[in-house]
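The residues making up each chain are set out below.
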Amino acid sequence: MASHAVMEDAVSPLRNITLSPASRHIVQGDLLEFTRDPIICMRQLHKACGDLAVLEEDGQRLAFVFSPEYNRQVLSNPNTFHCQFFALRGSRRSAQRRVTSGLLSMNGAEHRENRRIMMDVFTRRFLPQYHETITALTNKFTSAWETGQTRDLNQEMVRLMQRMSNSLLFGIDDDRYSDELGDKIDRWVRQNHEVGLGAFVARPEFREQYDELLLLAEDLERSVGEMLVRHRQTPHDRLDVLSLMMKAQQSEQQLSDERLIGHATLTFAAAHLTTAHTLSWTLFLLSQHPQAMQRLAAELESVGDKPDWTELQSLKWLDCVIRESMRLLPASSYSHRITSEPVSVGPLNLPKGAAVVFSQFITHHRPDLFEEPEEFRPERWLTINPGAYEYLPFGAGARRCIGADLAMMEIRTALSLILKEHHFQLQSGSQVDGRVVSTMLGPTSSVNAKLLPVEEIPVTVPVCGAIHQLMQLPEAATTPLHRAA
Ligand code: HEM
């Protein structure tokens, strides 16, 4: 039965971690607490244990590293610390196995070889060609927006980035098709998260949802396969990532169709929600920080209506705003590695097959690295220059995000074009929630805002919700309840 395959396939990396000499790093707790709310759990572990922590339940142990030095030890050693992003790969011949067969599931020589081929596709020399597509799509998308309307920024940014990713990655500009494929991938990502939780902590009750995951994977594989056929049949007069991958496939005979499906699915999944969340958070933060917004509006006035890529790169304050948003509310908030051999990290002795979590969120919120870390202060970026393992929104080391340059281009361009058309006034008393789903931190509530003309700067309004557990908003944005807490 399919359900049995899940647990055979599942990673069970929670055994035999030992510590020398002391146990002050161990916290007894419910492992599912981590999977239910990773940020709160990691904050507590960091507070209780410092740079290194172990969460233990009934002899099962999950290790956490929180300092730049431990981040370096884990992330700069891909041979010992393997990436196994998906806890559930499905059985050997399943669709789930195939759609998870992208870079995030590969290690060693296979990862190096596939990354080399993919890397070529994302090199800077292709970037200027993507800029035009990003500009055209953003303008088309926002042309439906009118001053005075109220829009859910979260929903809008997810849609925009689904369409943008379809266009840039697959050369598909059919909105309905893009939305459908995007929604399918999002449902599959969420289901992986839900079922993966159970696999991570080896809880049998999660088996029930496994069959649904397999069905979603089959449906998704069909859709991505159809997309490949459609892509081959459509003449492409402009650059897209899939065409470049197919070229590599022809010249090197190294990417089979099956591989292409894995790479296409995972690249899409890695690309659109991360960029969408970053844009939603940045618009939210700007709407609650009028001074930063005003300064950005002034800077954007210095460039024309359709700024080219060189102009956009010269916008220093825009850069500070984006960096600060990605520090404070990083779309990728944590990830994990599985050890391929016994290894020590500080006092932790990890056997082969142990899971180690590292966290962008916790590292970015360390007061020894960033003054007043809970506050949105873009001006800090005028004077600081943190190291690769201190500030790592795109990860670090051999598996640093392959699409980082493209993502920054999408975010810079979309944000400037959006803010040259409208500013956003949040509704007073809104509930703004943020939670991690499948390692990604994004808004989980609507973020409703009224569209203002660009001459108007939004004012800070009180909001409630889980956002207050993630960062400190200005005084005027806190309700009496949050002030008391
Ligand atoms: C704001 C947007 C983005 C963020 C925050 C982000 C973040 C990350 C992070 C943290 C990793 C490393 C994960 C780990 O070490 O476990 C990663 C890997 C990856 N990202 Fe991104 N990413 C973004 C956008 C993109 C885009 C636009 C693409 C492609 C078009 C992309 C494709 C990938 C791929 C393929 C990997 C796997 C690399 C490997 O394992 O060698 N990402 N990303």
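Use the structure listed above.
Residues numbered from 1 in each chain as written. Predicted model: local features only at pLDDT ≥ 70, side-chain atom pairs only at ≥ 80, totals over all residues. Heavy atoms only, no water.

A few points about the coordination of the iron atom of the ligand
Put simply, the test is: Each metal's donors are the N, O and S atoms within 2.8 Å of it, or within 3.2 Å when it is Na, K or Ca, and because water is not part of the set, sites may look incomplete. Strands here mean DSSP runs of E at least two residues long; helices mean DSSP runs of H or I at least four residues long; both are numbered from the N terminus.
No other protein atom reaches the iron atom of the ligand as a donor apart from Cys401 (SG), found 2.3 Å away. Among the structural elements, Cys401 can be located in the loop between helix 16 (360-364) and helix 17 (404-421).

Notes on the pairing of strand 12 (residues 434-437)
Rules: Between any two strands, pairing holds if DSSP finds at least two bridges.
In terms of strand pairing, strand 12 meets strand 13 (residues 440-443) through four bridges, oriented antiparallel. Of the residues in strand 13, the one forming a bridge with Val437 is Met440. The hairpin formed by strand 12 and strand 13 contains two residues between the paired strands, and Ser438 there has a positive phi angle of roughly 50°.

Observations concerning the packing of aromatic side chains
Test applied: Aromatic contacts are taken between Phe, Tyr and Trp rings whose centres are within 6.5 Å, Trp giving its six-membered ring; a plane angle under 30 degrees counts as stacked, one over 60 as edge-to-face, and the others as tilted. The classification of residues rests on relative accessible area computed with a 1.4 Å probe and restricted to protein chains. Under 20% of the type maximum is buried, over 50% is exposed, and intermediate values are partly exposed. Charge-over-ring contacts are defined here by two conditions on Lys NZ or Arg CZ: a distance within 6 Å of the ring centre and an angle within 35 degrees of the ring normal.
One pass over the full model with this rule turns up eleven aromatic pairs. Taking 5.2 Å as the distance between ring centres and 70° as the angle between the ring planes, the aromatic pair formed by Phe85 and Phe86 counts as edge-to-face. Take Phe86: its relative accessible area is 8%, and that puts it in the buried class. The side chain of Arg295 reaches across the aromatic face of Trp317, ending 3.9 Å from its centre. Above the ring of Phe370, the side-chain terminus of Arg327 is found at 5.3 Å from the ring centroid.

What to know about the site of the ligand
To keep things clear, this is the line we draw: The nearness test applies per residue and asks whether one of its heavy atoms lies within 4 Å of the molecule or strand. Think of a polar contact as two N or O atoms within 3.5 Å of one another; within protein, one of them needs to be a possible hydrogen donor and the other a possible acceptor, and neighboring residues in sequence only count if both atoms come from side chains.
His111, Arg115, Ser335, Arg337 and Cys401 are the nearest of the 29 residues found near the ligand. Here an oxygen atom of the ligand sits 2.7 Å away from a polar atom, N or O, in the side chain of His111. Arg337 has a polar side-chain atom sitting 2.7 Å from an oxygen atom of the ligand. Those elements that place two or more of their residues in the shell around the ligand are helix 6 (108-121), helix 12 (257-288), strand 7 (335-339) and helix 17.

Examining the packing of helix 12 against helix 15 (residues 316-328)
Rules: Helix axes are fitted to C-alpha atoms over the stretch in contact, other axes to C-alpha atoms as well, and angles between N-to-C directions run from 0 to 180 degrees. The cut-offs work like this: below 35 degrees is roughly parallel, past 145 is roughly antiparallel, 65 to 115 is roughly perpendicular, and the gaps in between are oblique. Contact definition: two residues touch when any of their heavy atoms are within 4.5 Å. Residues are grouped as follows: Ala, Val, Leu, Ile, Met, Phe, Trp, Tyr, Cys and Pro are nonpolar; Asp, Glu, Lys and Arg are charged; all remaining types, including Gly, are polar.
Where helix 12 contacts helix 15, the two axes come as close as 9 Å, and the packing angle between them is 105°. When the axes of helix 12 and helix 15 are compared, the pair comes out roughly perpendicular. Together, Thr278, Trp281, Thr282, Leu285 and Leu286 of helix 12 and Val321, Ser325, Met326 and Leu328 of helix 15 make up the contact between the two elements. Residues belonging to the contact of helix 12 with helix 15 are distributed by class as follows: six nonpolar, three polar and no charged.

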